[in-house]
Amino acid sequence: MNDYAEIPKDLQEDDDNANAAIPDITDESGLESDGGGEHILASQDPVENVLDDLEGRAISALEEFKLHPGVRSSSSPGSPSLHEELAMILRPVLEVSAHVGPAQARANAVYRPNGVDQTVDEMYRRLNSDLILPVVLESCQSDPIPAKRAAALQFFHSLYKEWRLAGSYLDATSVGLTAGPYGEGIKNAPSIPLGGMQQQQVQQQVPPQMRPLVNRRRGRTTARRAELLRYWVEASAHCTSPGNFTNARSDGAVASRAILSASAALRPALWHVADRIGSADDAGALRLYRPLARMIAGVCRRLFVQDDASTLRQDPDGSLGPEVDALRSASVKFLEIVVACFSPKEPPGGEKDGAARQKKEKKASSALSYDDFALENLPTGHPVITKEALEEIGSFAFVTLRGLTLMGGQIKVDTDLLLMSEMDEGRYTANPTLMVLDIVKPAALAFLEVEAVEMEKYDGSDMNELVKQFAVARSTQEMDFALSQKTYALTINAVSMLATRRPTYFLDSARTLSLRTMDPPKPHSSDAGDDSAALGSTLSKASAMVIRSQLKASCLTLLRNTLSATSGGSGMLRQALVSAGMEVQADKALKMASEQAALKKANRATRNRAAIFYEWEAAADERSSKRQKRTDDALAQMRSARAAKGLGGGIQLPTSMTDACELVMLNIDNLPPQRPPSSGASADSSKRPADLHSLINAVMSNGASLSSDSGSWYGRDGGEAWSMEVDNDAIVNDSEYVRYALDAKALEAATSIVESGEVDDNEALRFDGQRTEAASEAFSRIVSRSSTARSKHLADLGNQVAARLAWTLSGVQPSVDLMNAQALASGSMESLEKRSEANLDIFSQQYPLVPCCLSMEMTPSAHVESGKGSSSLTGISSSLANRTLTEAYMRSCGEDEANAATGAADAYDTSLNVFLSSIAQSCENADAKPNDINQKRAAAVAAASLPQQLSIVPSVAPGALDITGSLCDVSDITKKAADAAKKSSNKTFAASAAVHAAKAAADKRATQALIAIRDVAFQRSTASVRRDAVDCAVGLASGRLPASASVEANALKLVMNILYGKSADIADCILASATQELERSANYAIDNHARIEQANEEADEDEATAANPLKPSSDAEKEALEMMSKPVLLFMALCVRRPEFIVTLLQKGSREKADVLAKAVRTNMSKLSKAAATKHGAAKVALQVSDMVTETESALFLSFLDNMVQKSDKTLPSQDLIDACHTIQERKVGEDGEKDVRYIIPVLSGITRDELSRKIPDLVAADNEVFKKGLRRMSERLKAHALLFRDEPDKDSLHGMTLCEQIVFLHQLDFAAVGLPQKRYLDAIRVCLDDDKLFTDRVIMAALDYISGIFLAGGTKLPLAYMRTIILTCSKHESLHSWICHVLLPRLIEGKVYEDKRQWEGWMRCAKMLEDTGEGVSSLAAIEQLPEEQLKIYRKKYPKKD
């Protein structure tokens, strides 16, 4: 009863109707104060604060989703796809809706008078009902990007699954008061479906006074489930309707995703409808059933109704696009689910005994599953949603599947009947089932009509004969569409599955598959004689063979099923398989089916004889018990074997000495008569008697002493190599009376090694091995003692001794205690060899203890054993690694000849590289194991100490900084974090959090590496070392060295904001390094020029690429641009500081075959131009750069000038810049003495109109591209006035030139006076007319209208090209025909155009073109307005047709 003590008393009242109207308990009137009646401020209400925070998180993610361009942000390998990227954006919304909201409601329940019920309702209403669900539905219905609609549809499916987890709104793991969201539920528990016996049993366990509360909560859960399902079904239904997109591919792609969403939503929606009918809530069931029926009808319409689904039409060559195939495949799968849900599991009359049937239904209800739904799960009593209506839909849908299988496509459906039935929409409101029947029924009847014609040829007495002789004349049938291989395979699978899961359809399925197997599909290019059979087929030869194999496999599967023996379909299936050459397989399958069918009705004795074991007869843990038994047997055998060996392997030393003595006495009988023979030359001379002393030694050494000999002097088993002598006289004199002496042979072996320096015999080899072992263990003890010493002076002394010993003990391998350090050192040296291509085998063999000393303090065990939370490296210059590096530096400072002989000259550089590589390896291990706390701590300590370590080492090797820069490569952990973010399961949240924490730690370590590089550049006095540090920083900023995007940004800030301003020397180093990076990019572009050009030629150029020449044309070019953009941006940032280096950038980009680099420079040129103009002045920089560039760099220099004036700038180009461009134009005179107009194009928008009219001849004389670019520049700031010819003001001059003014001035140009050929003059006007995106029909109309108005006023004559322009306009713009006929031509007559012979000739030709257009527009009215004489001239030249 303690679980119910916290429930408010006002909710513990009796309630007999659990499904009555639920009162609203979210009234916030309780928030009013007693005194003033004012509401408590939201900032003082914890629930409101939580709600505001969660709303902000959800809104932020939804806005990011809304603003997403629908294009994959990165195409690099391993980056998420577009759908994965959109799902990652929506994941915070999913977490807030499903888990964070309910959890916060439970945590803040104490702040509401009605407890958790009120907070849950508030959370749900504000987060889900008012925000998330409507916004996502709106995205499904109106978002113009197909991928985002698909992501929104998938969101509903994911949300439904998350809501069913423990602790969420539709908690399916528990019932009662502990169910979510009012409790945390039961983690990792199986789902409890609606209406199950398990729910009823738990419900009965609730105390009576708590049942009203449980009923209310269950009612709210039902309402929330209904709301989510309605949103889900509405979204799927809307996206399945045709016409969402004008583009056929987009419409098909969204429809296929919507059908998949509908397939997932169908069963949960039907379960909810059945639950509402069972609770006598007919209205609630109908509210969901209406959109559900509309969704089913929408999917069927996309499959069967071809007039409305234009995307389903095939291409002229008969091929299918991927969208069409995906749409049909999804529709067939959906149709399979519809048939399974709208049909019974048991065949009619399967259970004649009513009691047995009721018992079976009761048993089925206690084991319901959301994975399946059948008509047995639908309660009776609803006036509209009846089993008979749904079964009718299922039967017709199954007939359509049979038709698709047997005919290879859909027989043409009369769409007029569908349209007639849809005209009466009122009947759909009363009975939504008719929406589905009106589409499925005609499609099914179309096939049944064809089947009935063929069936009339047989009397139906022998179905086997029907299978042999049944053949459909498919060539005479008009088909709506034919199935592809994928859709055909899904259709066959659907028919086969329904035959086994729904026995009602087994016989029809068997007949259909048998008939199609006997008459298999043929490819469209079949070489068989029957060409009509292949008519309309979309299958290739290989696809047809695959379909035939699948048909045979399906028939064999059905024949093996017991239903083939009981339903009577075995004969047809066998006949079909025999015709396919599978008689042996068919006989075996039929025999198996018959035996299984007989055993089902046999008694238990018969089943036992047949060795049939059912599930309830087998133990649940049979497999585990067998495995345990085998394990126990293996352990027993091992113990027996060890006991048989006696003391050598079966006796272990107990911890108590008393127990050890008892063990010795108990096993004294097991002592062998003589010790085992020893391997080696001294085996005969090492025998000794077996007595109690030897037995004790055997026990104490765990049997090792039995194999010892006099040559062994080190270790617990080597006591025989030493002899002990007792001096009695010394005892009396109270002096040392015990002396130890080494065996003569051992002493002789040691002497020979020392004198000769060689190990030449077995005794010397044994002695040398023990000497190495002794040195290794002694070294290990020294390291262990120094690492745990409390005194820092003692620790420093131990580190000094260990460092000296590491370099002295040549060839001594580390002991087992240093295994972790050795493993880390081995990994670091392997990565170092891969990075620097250096061979470290000699170093590791000669000094195996040195790498262990260098990596000792980076191992996780070092931090666990020390028990310290702080770093053992930071701030300690006397660490073991530093002492080892100091010792290496001292050895490298010796004589050159000695160093060269011993290899000590490179010892320091190698040691430093190994030390830094160990730090990098420790960081990689931390990234690989995000949950290992000790490994993370070790990596953090190592990275944090890196700046100080590099500041105190004697010198920095050339390759050391590259190893330091490798810490910035966090791509693996970034990818791992992205993969973890994709997983939306509640079980992976903890793992995902650990991965994200590891990524954050990796970013911090990368920052420490940048700090270390900075300190080296600042603190080292050697120029080469500082240059190496700068090269490393520049390499990271330019992307040459691998790093994440955030680290590259930090590296760029380090280079530009910190290093560059430190000193002039460092600034020069940065410029030199950046120039080298730019040179590398240029060389890469030149080396890969041919490959990129070939990729560009093979790639299809889309409209976006054609409109934007800076957009990459292929993936190869895109990859190259991404790689080059970083060094280009870095160099541009330096050019802003030093404008004289801009010419270097232009020179590198203008190299031959460096086209990709030039495109990267042009892409980012706007940033350079704008920044340089802001810092130094546009005119000054333009003149300075122009003096340095040559003709080779003119193209990029023009781009630089062009970007000096941005279209987004609100002000006109300054007069200084205009004068600078004119100056540059005068300086850049060509060899022919002509000025290049390209240099003033950037500032044309700031030049007055009068001056521009004088520069139009220069633009016309240039090529078409330059001419059009100049026209665009003139009008780029006057788009709002494009249709106007502005009047010149009294004071200020007009700047720029509108499009209308450009056409007018072009026509008024005196080309002969300015020395232009007439052909070029007319061609310039034609170029303007061809560019109909810029010079639209309205612009042309405005210009022609203005010229004709001046002509009519008598101001000027018509320009020479005026009537020619009108004629070209008639051909180009049909929209202006009416205006030309009714306004322009009569106006020209009024101005007496016939007085000018050339214009009169053009007028007549134009009038003739428009006299009889056949479009309802005619110039006849204008012609009739001609004077009588001119009318005769016109009719004489162009007689009127009868």
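## Side note on unusual backbone geometry
- One non-glycine residue, Ala280, adopts positive backbone phi at about 65°.
- Along the chain, the position of Ala280 falls in the loop between helix H7 (248-278) and helix H8 (282-304).
- Positive phi, close to 60°, is recorded for Lys1392, a residue that is not glycine.
- As for its placement among the helices and strands, Lys1392 is situated in the loop between helix H59 (1377-1390) and helix H60 (1397-1411).

## Focus: the packing of helix H46 (residues 1115-1137) against helix H48 (residues 1155-1163)
- Remark: H46 packs on H48, axes separated minimally by 8 Å, with the N-to-C direction vectors making an angle of 55°. When the interaxial angle is binned, H46 and H48 end up oblique. Considering the relative orientation of H46 and H48, their crossing is right-handed. The residues of H48 that touch H46, namely those facing Glu1117, Ala1120, Leu1121, Met1124, Val1128 and Met1132, are Val1156, Leu1157, Lys1159, Ala1160 and Val1161.
- Among the residues forming the contact of H46 with H48, the class breakdown is nine nonpolar, no polar and two charged.

## Digging into the pattern of salt bridges
- On inspection of all chains with the given rule, the structure shows 53 salt bridges.
- Between Asp251 and Arg302 there is a salt bridge, and its shortest N-O distance comes to 2.9 Å. Here the residue Asp251 occupies a position in helix H7, and Arg302 occupies one in helix H8, the gap between them amounting to 51 residues.
- Where Arg1005 meets Asp927, a salt bridge forms, and the shortest distance between an N and an O atom there is 2.6 Å. Of this pair, Arg1005 sits in helix H40 (residues 989-1019) while Asp927 is found in helix H36 (residues 907-928), placing the two residues 78 residues apart along the sequence.
- The exposure class assigned to Arg1005 is buried, which follows from its relative accessible area of 6%.
- In the salt-bridge network here, residues are joined through shared partners; they are Glu48, Asp52, Glu55, Arg112, Glu122 and Arg126.

## What about the environment of Leu1157?
- By secondary structure assignment, the location of Leu1157 is in helix H48.
- For the pair formed by Leu1157 and Asn1083, sequence separation is 74 residues and the distance between their alpha carbons is 9.4 Å.
- Those residues within four positions of Leu1157 in sequence are excluded, and the remaining contacts are Leu1078, Ser1081, Ala1082, Ala1085, Met1124, Val1128, Lys1148 and Gly1149.

## Overview of the nonpolar core
- Within the largest apolar cluster, 196 residues are counted, with the highest numbers of intra-cluster contacts made by Ile1366, Ile1380, Leu1388 and Trp1403.
- With residues near it in sequence (within four places) discarded, Trp1403 still touches Met1363, Leu1385, Leu1388, Ile1389, Val1393, Ala1422, Ile1423 and Leu1426.
- Grouped together as the second largest cluster of nonpolar side chains are 146 residues, Ala147, Val233, Ala265 and Leu558 included.

How each quantity is defined
- Residues numbered from 1 in each chain as written.
- Predicted model: local features only at pLDDT ≥ 70, side-chain atom pairs only at ≥ 80, totals over all residues.
- Heavy atoms only, no water.
- Helix = DSSP H or I, 4+ residues; strand = E, 2+ residues; numbered from the N terminus.
- Axes fitted to C-alpha atoms, helices over the stretch in contact; angles between N-to-C directions.
- Parallel < 35°, antiparallel > 145°, perpendicular 65-115°, else oblique.
- Left-handed = near helix turned anticlockwise from the far one by under 90°.
- Contact = heavy atoms within 4.5 Å.
- Nonpolar A, V, L, I, M, F, W, Y, C, P; charged D, E, K, R; others polar.
- Salt bridge = Lys/Arg side-chain N within 4 Å of Asp/Glu carboxyl O.
- Buried < 20%, exposed > 50% of the residue type's maximum accessible area, 1.4 Å probe, protein only.
- Core = buried A, V, L, I, M, F, W, Y, C linked by side-chain atoms within 4.5 Å.

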